[in-house]
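Fold and contact review
Each chain, written out:
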Amino acid sequence: STSSEEGCTDLLPPGVCNLLNPAAIYANNEISLGDVEIYGFDYDYTLAQYSNLLHSMIFNTARDILIEQFKYPEGLGKYDYIPGFAIRGLHYDVQKSLLMKIDAFHYVQLGTAYRGLKPVPDEEVIELYGGTQHIPLYQMSDFYGKGPSLKQFMDIFSLPEMTLLSSVIDYFITHGIEFDQVHLYKDISDAIRDVHVKGVMYKWIEKDLEQYILHGDEIYAVLNRLVNHKKKLFLITNSPFSFVDKGMKHMVGKNWRDLFDMVIVQADKPNFFTDRRKPFRKLDDKGSLQWDKINQLEKGKIYKEGNLFDFLRLTGWRGSKVLYFGDHLYSDLADLMLRHGWRTGAIVPELETEIRIINTEQYMHSLTWQQALTGLLERMQMYQDAESKQVLLEWMKERQEIRSLTKNLFNPQFGSIFRTFHNPTYFSRRLVRFSDIYMASISCLLNYDVNFTFYPRRTPLQHEAPLWMDQLCTGCMKTPFLEEMVHIR
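Residues numbered from 1 in each chain as written. Predicted model: local features only at pLDDT ≥ 70, side-chain atom pairs only at ≥ 80, totals over all residues. Heavy atoms only, no water.

**With respect to the sheet that holds strand β15 (residues 322-326)**
Overall, mixed pairing links the nine strands, which are arranged β1-β19-β16-β15-β3-β11-β12-β14-β13 in an open sheet. Of all strands in the sheet, those bounded by a partner on one side alone are β1 (26-27) and β13 (280-283). Summarising the sheet, strand β12 (residues 262-265) and strand β14 (residues 302-305) pair through three bridges and their orientation is parallel. For valine 265, the partnering residue across the bridge sits in β14 and is lysine 304. (Pairing = 2+ DSSP bridges. Helix = DSSP H or I, 4+ residues; strand = E, 2+ residues; numbered from the N terminus.)

**Some remarks on the sheet that holds strand β5 (residues 91-93)**
Spatially, β8-β7-β6-β5-β9 is the arrangement adopted by the five strands of the open sheet, whose pairing is antiparallel. Whereas interior strands pair on both sides, the edge strands pair on one side only; in this sheet they are β8 (118-119) and β9 (150-152). Alignment of strand β7 (residues 108-115) against β8, held across two bridges, turns out to be antiparallel. Across the sheet, arginine 115 pairs through a bridge with lysine 118, a residue of β8.

**Concerning the nonpolar core**
In terms of nonpolar packing, the biggest core is built from 136 residues, with Phe41, Tyr43, Phe260 and Phe311 touching the most fellow members. Beyond its immediate chain neighbours, meaning those up to four positions away, phenylalanine 260 contacts Phe41, Leu47, Leu223, Leu233, Phe234, Leu235, Met248, Lys299 and Gly300. In this structure, Ala372, Leu376, Leu392 and Ile402 belong to the second largest nonpolar core, which totals nine residues. (Core = buried A, V, L, I, M, F, W, Y, C linked by side-chain atoms within 4.5 Å. Buried < 20%, exposed > 50% of the residue type's maximum accessible area, 1.4 Å probe, protein only. Contact = heavy atoms within 4.5 Å.)

Below, the structure written as structure tokens:
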């Protein structure tokens, strides 16, 4: 088949490599940007991406609130933020003080259940859930990942929260102090919320925009390009006006508001999308509230609160013409997609790091070898004589070792946010469900024409997938182990 392969390479521009592009936009659903007339944006972590510096600031401030206001033990002051401890999308079982990664089928990924800063042995996890790794999530949490006993951490701000939770539990366990799980969880989420609500966080960022905000120039380029192509833009954020104003001036310039048809601050999402109660209020240019009733949304004006139903009524914008970008799958994207037929774009900053890891030689080798071993196990399992059993056991052990090696490439505690070994994570399944396209940053839009159509790749369903061995023999994978494997056949 070499001639057909040669014919195929003629079609590819020279220098095409097998690597994934971290700045690409990935599509779950076919979507043509040409049909999109209106672009909507969330602000925090969507237009404004923050440097990781912010995490330790949030952690420290919330830790101090626990000590000073909630009278938690002084000893907690010794704990510092651990970058890279937690990942997004983890579930926390409040009653059992367990932080863990759950896959799309509601199974706990063994080896990723932590109490405090230490992993809990697999046997214990299984025992805690009545002899299974399966957690019936619907009993414990609702559609939005919140529930009486199970909470899913979905936004980027929750990284410091999970780390603080784990640190406090660690302190209590190592000092043999009894604590009430429910109060502990509540106190920590309150302390983290205070950092936001009382505006401490806004002050640090305003003081040092250079250091905290990433990709500023690119955001300017994206918004300008859209406006030059006659697209309408709007912004819906939970943050206060003065904060957004300073950030946008820093990224886009003092006339940033000229680019937007609509700016809505302190929107109180997700209630903004689900609840009809709060009407819009107008702010004047200084950001002070005005009292008049809102019968139209005017360009260049700033609005506060409001709700999506009034928004749609006053703008007349219809779902499929609107593409809305946000980083929070539930509170930004779920309702828009499911109830209102908006197109949605998820901003997943972790994508960049994860793709860089997938592109490493080490990862590709591990994965190929892992697939090979799995294929061998599936094929050879019927040989049950003593010698064969021994070989099968060794393969299983090796497969397990490679799996944990691959997991550690992403994050030693919890692995990748998208996969648990071979399954998608609960987070991944939600991402595919609620977003038409996803990308590491808004700036990825600069790599595509404004009329570009995204076509999702047709990935094989299980019954369409080729067999293991055939997958291995593709010319593109230079598998160093193939030679060794020939005699196994």
